[in-house]
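Residue-level structural notes
Read off the chains here:
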Amino acid sequence: MKKLIALLLTFVMLIALCACGSTAAPANDPGLTENTTSAESVVWKISCVDAEGSDYMKAFTAMWERIEKETNGYIDVELYYSSSLGEEAEVLEGMQIGTIQGAQMATSVMANYSEYFYVNDLPFLFESPEHCEAFLKTDAAKTMSQSLEEYGFYVWYWGILGYKQPNLNKSCIKTLDDCKGLKWRVMDTAVQVKTVEALGANPVVIAYNEVYSALGNNTIDAWMNDAVAFKNLSTPEVAPYFTQIPLFTSMQTCVISKAAFDKLPAEIQEIVYNVIMEDEPEVVRTSWKQNSAIEEDLKANAFKEYYIVEDVAPFFEAVQPVYTWMESEHPATAEIIAAINELR
């Protein structure tokens, strides 16, 4: 009987050893192989503001597909387009509680967490995409990014998708004097209100979806946005005048949940970071090209007249009180503004 029990115990131990030998490598082992199993993967939900199918979203999607591929499926990416996971503020809250892992996001929203990002709302902030790229290499830009980490976000790169420029229903703006007395639609933000006032116009707060009718019935004379917005709202039909001037920047970034990223094995973290830093600049450039192409099409086929402001200096000088107000209201922005101005 004792021999039988001993044989049975030996048999059980052999089965256990075989089972251990067939277990897949843990996710935190160096290097993933093609044999990585679905049990080891993590699902990342990524929120996108834009609709699926645009050049911008194709590039953004390709970046995440590359991450999925280079991690051998360890990160199982689910992309949600057209703000289907909620508006930007809701998405950021979702990233903090762990229901969303990443997002395409306007940088202005980040000011709800770090006052440094109020800077990105200032008029005539960046003269060109290259100006913005140069700033991103400075210590001031790193300070901005790192300030978000305590709130649970990683932001490593951002860039200009286009400029918010004036679209008018009576005539183009050619000189600073042309701004005087204009009824100019603004968002309900202090920076936009103060900027329009500094230019000599009268700010009028109107909802986005009311802009077309307001331009048509002369409730307002002007508004500002990028070419994509002009096309989406068909405003050239009622406002056939356009002034090309880099008044405000439309800026986007890719936000990553710090909690989700920090849980990843080191080698997976490296892949995610490297891919985003390599591909996100091209994602932004793709959107810039998309917006520029639409702008050129509107100039050729929709606007009655357009004017390119070659000398921005008088306009930039006029809005300096807005910069003074910003530094007074948010003192931390002073070092950021100084770093940007040094690169002009």
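In what follows, the structure referred to is the one given above.
Throughout what follows, the structure given in this document is the object of discussion. Since the model is a prediction, treat every value here as computed from it, not as a measurement.

1. Some remarks on the environment of T61
Mapping T61 onto the fold places it in helix 2 (residues 55-70). Along the sequence, T61 and V283 sit 222 residues apart, while their C-alpha atoms lie 9.2 Å from each other. Apart from the residues within four sequence positions on either side, T61 is in contact with L79 and Y81. A distance of 2.7 Å separates a polar side-chain atom of T61 from the backbone oxygen of M57.

2. Details of the nonpolar core
One finds W64, F135, W158 and W184 to be the most contacted residues of the largest nonpolar core, which totals 92 residues. Take this core: its biggest share by element is ten residues, from strand 4 (residues 153-168). When residues no more than four places from it in sequence are discounted, the contact partners of W158 are T107, F117, N120, C132, F135, L136, A141, M144, S145, M251, Q252 and T253. Ranked by size, the runner-up nonpolar core spans 15 residues in total, among them I206, L215, W223 and A227.

3. Quick notes on the pattern of salt bridges
Side-chain pairs of opposite charge can arise where the charged atoms are in close proximity. As enumerated under the stated definition, the model contains 13 salt bridges in all. Of the charged contacts in the structure, one is a salt bridge between R66 and D279, with a shortest N-O distance of 2.8 Å. With R66 in helix 2 and D279 in helix 10 (residues 266-301), this pair connects stretches of sequence that are 213 residues apart. Between R344 and E127 there is a salt bridge, with the nearest N and O atoms lying 3.9 Å from each other. With R344 in the segment after helix 13 (333-342) and E127 in the loop between strand 3 (102-106) and helix 4 (129-136), the pair connects residues that are 217 residues apart, well separated along the chain. On the basis of relative accessible area, E127 is assigned to the partly exposed category, the value being 47%. Residues joined in a network through salt bridges with shared partners are R66, E70, E278 and D279.

4. Some points on the pairing of strand 8 (residues 241-244)
Bridge count for strand 4 against strand 8 is two bridges, and the pairing is antiparallel. Bridging across to strand 8, L168 finds its partner in Y241. Bridge analysis of strand 8 against strand 10 (residues 305-308) gives four bridges, and the strand direction is parallel. Opposite T243, over in strand 10, you have Y307 as the bridge partner.

5. Considerations on the packing of aromatic side chains
Taken as a whole and assessed by the stated rule, the structure comprises 18 aromatic pairs. By the ring-pair criterion, three or more aromatic residues cluster together here, those being Y208, W223, F230, F242 and F303.

6. Brief notes about helix 2
Taking 1.5 Å of rise per residue, 16 residues should cover 22 Å, and helix 2 covers 23 Å from first to last C-alpha, within 8% of that figure. N72 sits one or two residues past helix 2 and shows a positive phi near 55°.

Criteria and cut-off values
Residues numbered from 1 in each chain as written. Predicted model: local features only at pLDDT ≥ 70, side-chain atom pairs only at ≥ 80, totals over all residues. Heavy atoms only, no water. Helix = DSSP H or I, 4+ residues; strand = E, 2+ residues; numbered from the N terminus. Contact = heavy atoms within 4.5 Å. Polar contact = N/O pair within 3.5 Å; in protein donor to acceptor, adjacent residues only side chain to side chain. Core = buried A, V, L, I, M, F, W, Y, C linked by side-chain atoms within 4.5 Å. Buried < 20%, exposed > 50% of the residue type's maximum accessible area, 1.4 Å probe, protein only. Salt bridge = Lys/Arg side-chain N within 4 Å of Asp/Glu carboxyl O. Pairing = 2+ DSSP bridges. Phe/Tyr/Trp six-rings, centres within 6.5 Å; stacked < 30°, edge-to-face > 60°. Expected span 1.5 Å × (residues − 1).

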